[in-house]
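One letter stands for each residue in the lines below.
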Amino acid sequence: MEQIFELFRKQSDQAKATQMAHYLRDQFQFIGIKTPERRALSREFLKAKKAQPQIDWDFVMQAWEADEREFQYLASDYLRAMRKSLTSADLTKIKMLITTKSWWDSVDSLDELVGTITQLEPTSKSIILDWAEDENFWVRRVAIDHQLTFKAATDTELLAKVIQKNFDSTEFFINKAIGWALRDYSKSNPTWVREFLKEQQNSLHALSYREASKYL
């Protein structure tokens with residue numbers, strides 16, 4: 001593990017690091033590695049890690065605890081590569097990642113993982129309903145957006161419930177997430193989204209309604 005950390009840190013570019021930090025409101029330190037370069041640097045490492053039968057949560061946690069933001073991105077890349085090995089038992093760990101060093105870049109990278117688990121283990125949807133009412137709005141955001149790109153496989157009952165549990169939110173990242181979830185689903189089922197918007201127009205935040213209506 002130390003080799004990939006050392007490899008990344010050898011690519012330090014202060015100008016890029018400053019630019020990347022500014023983009024995220026200077027909340028995190030950066031090495032200065034852009035996404036294409038990060039993926040190229042980590043390709044062989046991730047290939048070797050993917051060949052292992054079990055998820056290396058020690059690596060994930062070590063990467064998440066690192067000061068530089070690129071290591072949180074690396075951990076997310078790794079988990080997405082291993083997503084078919086995830087189970088509902090991993091949701092507790094994923095929730096910890098969601099609520100640690102939280103911002104849209106790290107949180108949104110975990111949506112797909114949660115979505116994969118609910119597809120592999122439908123009984124885990126009860127946990128998502130709990131997440132939709134969590135005190136941490138980033139957890140609620142994942143509950144709302146974890147079905148992005150599901151298209152016809154979208155569980156509309158679950159989608160409606162997690163949105164309805166957040167109707168009274170004044171949090172930008174929640175209302176934006178609601179709009180994105182509905183907008184994405186409108187690409188495959190515009191009729192359902194149109195009817196949902198019609199029925200819930202008075203309950204939806206204006207931002208959510210506007211985003212959801214973009215393709216209708």
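What you see is a predicted model; the values in this text were computed from it and never measured. (Residues numbered from 1 in each chain as written. Predicted model: local features only at pLDDT ≥ 70, side-chain atom pairs only at ≥ 80, totals over all residues. Heavy atoms only, no water.)

**Some details on the domain arrangement of the protein**
- According to the domain assignment, the protein contains domain 1 (1-85) and domain 2 (87-215).
- Computed over C-alpha atoms, the centres of domain 1 and domain 2 are 26 Å apart.
- Contact with domain 1, which involves 22 residues of that partner, is made by 19 residues of domain 2.
- Around 1,800 Å² of area is buried between domain 1 and domain 2 when both sides are counted, 64% of it from carbon and sulfur atoms.
- It is Trp57, Trp64 and Arg83 that lose the most area in domain 1 upon contact with domain 2, and together they represent 35% of the buried surface on that side.
- Between the two partners, domain 1 and domain 2, sit two salt bridges.
- Put simply, Arg83 and Glu112 hold a salt bridge, and the shortest N to O gap is 3.2 Å.
- Taken together, domain 1 and domain 2 are joined by 13 residue pairs in polar contact (both at pLDDT 80 or more).
- Those elements that place two or more of their residues in the side of domain 1 that touches domain 2 are helix H4 (57-65) and helix H5 (69-81).
- It is H5 that contributes the most residues to the side of domain 1 that touches domain 2, six residues altogether. (Domains from an automatic or database assignment. Contact = heavy atoms within 4.5 Å. Buried area = accessible area lost by both parts, 1.4 Å probe. Salt bridge = Lys/Arg side-chain N within 4 Å of Asp/Glu carboxyl O. Polar contact = N/O pair within 3.5 Å; in protein donor to acceptor, adjacent residues only side chain to side chain. Helix = DSSP H or I, 4+ residues; strand = E, 2+ residues; numbered from the N terminus.)

**With respect to the pattern of salt bridges**
- If you walk through the whole model with that rule in mind, you get 14 salt bridges.
- Close ionic contact of Lys49 with Asp56 constitutes a salt bridge, the shortest N to O distance being 2.5 Å.
- Given the relative accessible area of 7%, Lys49 is considered buried.
- With relative accessibility at 18%, the residue Asp56 sits in the buried group.
- If you follow the salt bridges from partner to partner, you end up with Arg38, Asp77 and Arg80 in one network. (Buried < 20%, exposed > 50% of the residue type's maximum accessible area, 1.4 Å probe, protein only.)

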